[in-house]
Structure formats: structure tokens, C-alpha cells
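Structure at a glance
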Amino acid sequence: MLIEGKCHCGNIAFELEWQGDPPEIPARACGCSFCVKHGGVWTSNRNSRLAVAVRDTALVSKYAFGTRTATFYVCSRCGAVPLVTGEIADHLYAVVNVNVFGNVDPSWIRRAAADFEAEDLESRLARRKRNWIADVRIVEGSG
Ligand SMILES: [Zn+2]
């Protein structure tokens, strides 16, 4: 199915192709300091395809911290955080926030806690490469 998600004001929107109808969506309530403060609950699927449309790039705050290997897309108008991207060996990967999904029944989402704080950088990047969405297209300034 095609999962639709967007920040509260719609400035950052995405479509995520996901197999299964209804799909089973594993979600990780991340325990890092940023995600705890924002309530970030993430999902990804190695075989899914993500298309992101950013209307006004001036209203997106790209935030990185810690290892600075992940970029949080924060809508500076409404404050929602619909996605995180990470570049590994010149390839763009992403995870999306299940809290911004629109057409998904909450019962399809399997929430679990996750804590990656103890991970070293190498295993962190290897895990992302394995699990994050690898087919990511971002169109910025789509009006
Ligand atoms: Zn917004």
C-alpha cells in the first residue's frame, strides 16, 4: 500500500510504498535524547520506497547532533519531525515517524522501545545500511 505522512501543517509530506495489505509496521520508540523530547517513533523497511516533498525549504530545520550522521527534518512552522535521513558512502537512507502517518490504522503498528545509545559508530552505520529505507527521493521547493 501507499502510506501517506506529513507534518502537521503539510510543509513536509511523504509517500511510502510498503508491501502487505494491511501492512505490519514495526516501530521503534527511540530512547535518544532528541526522540524522547519529540516523541519520535520510527519505522523503515529495506524494501520500501520513499518519496518526500518539501514545499518551503526555508521552513525546514535540519538538525543533527551527537555523531552528526543523521539529519532530522524538523518543520519550523509546526514543529513536527516526519523523517530522518543519513548518508552512508554517498547513498541516502531514511526512516520515517509513524506518528505523522495519515492513512494507517494504529493497530497495524507494532511499537517497541529501542535504545541505540551504546552502539559504536561503525555498527550504527552498518545497522542503518541494513534496515533503513534505501530508496529515498526528496524534492525540495515543490511549491
Ligand atoms: Zn509543518
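To be clear, the structure that these remarks concern was listed above.
Scope of this entry: the structure provided in the associated data block.

Thresholds, definitions, all that
- Residues numbered from 1 in each chain as written.
- Predicted model: local features only at pLDDT ≥ 70, side-chain atom pairs only at ≥ 80, totals over all residues.
- Heavy atoms only, no water.
- Donors = N, O, S within 2.8 Å, 3.2 Å for Na, K, Ca; no water.
- Tetrahedral: all angles 85-135°; square planar, octahedral: opposite > 155°, others 65-115°.
- Helix = DSSP H or I, 4+ residues; strand = E, 2+ residues; numbered from the N terminus.
- Buried < 20%, exposed > 50% of the residue type's maximum accessible area, 1.4 Å probe, protein only.
- 1 Å grid on protein atoms, 1.4 Å probe; cavity = no way out; pocket = protein on both sides within 12 Å on 5 of 7 lines; lining within 4 Å.
- Points joined across faces, edges and corners; volume = space filled by probe spheres on them.
- Nonpolar A, V, L, I, M, F, W, Y, C, P; charged D, E, K, R; others polar.

Description of the coordination of the zinc ion
At this site the zinc ion is bound by Cys7 (SG), Cys9 (SG), Cys75 (SG) and Cys78 (SG), with donor distances of 2.3 to 2.4 Å. In this structure, the zinc ion is surrounded by 4 donor atoms whose angles at the metal cover 103 to 119°, and the resulting shape is tetrahedral. Mapped onto the sequence, the donors of the zinc ion take the spacing C-x1-C-x65-C-x2-C. Here the residue Cys9 occupies a position in the loop between strand E1 (2–6) and strand E2 (12–17), and Cys75 occupies one in strand E7 (residues 71–75), the gap between them amounting to 66 residues. According to the relative accessible area criterion, Cys75 is buried, its value standing at 1%.

Description of the layout of surface pockets
Considered as a void within the structure, the largest pocket measures approximately 410 Å³ in volume. Residue lining of the largest pocket: 20 residues in total, with Cys30, Cys32, Phe72, Arg124 and Arg128 positioned closest to the centre. At the level of elements, strand E3 (25–30), helix H1 (33–38) and helix H2 (121–131) are the ones that each hand at least two residues to the lining of the largest pocket. Residue contributions to the lining of the largest pocket peak at 3 residues, all from H2. Of the residues in the lining of the largest pocket, the class split is 11 nonpolar, 4 polar and 5 charged.

Taken by themselves, the reported measurements are silent on function.
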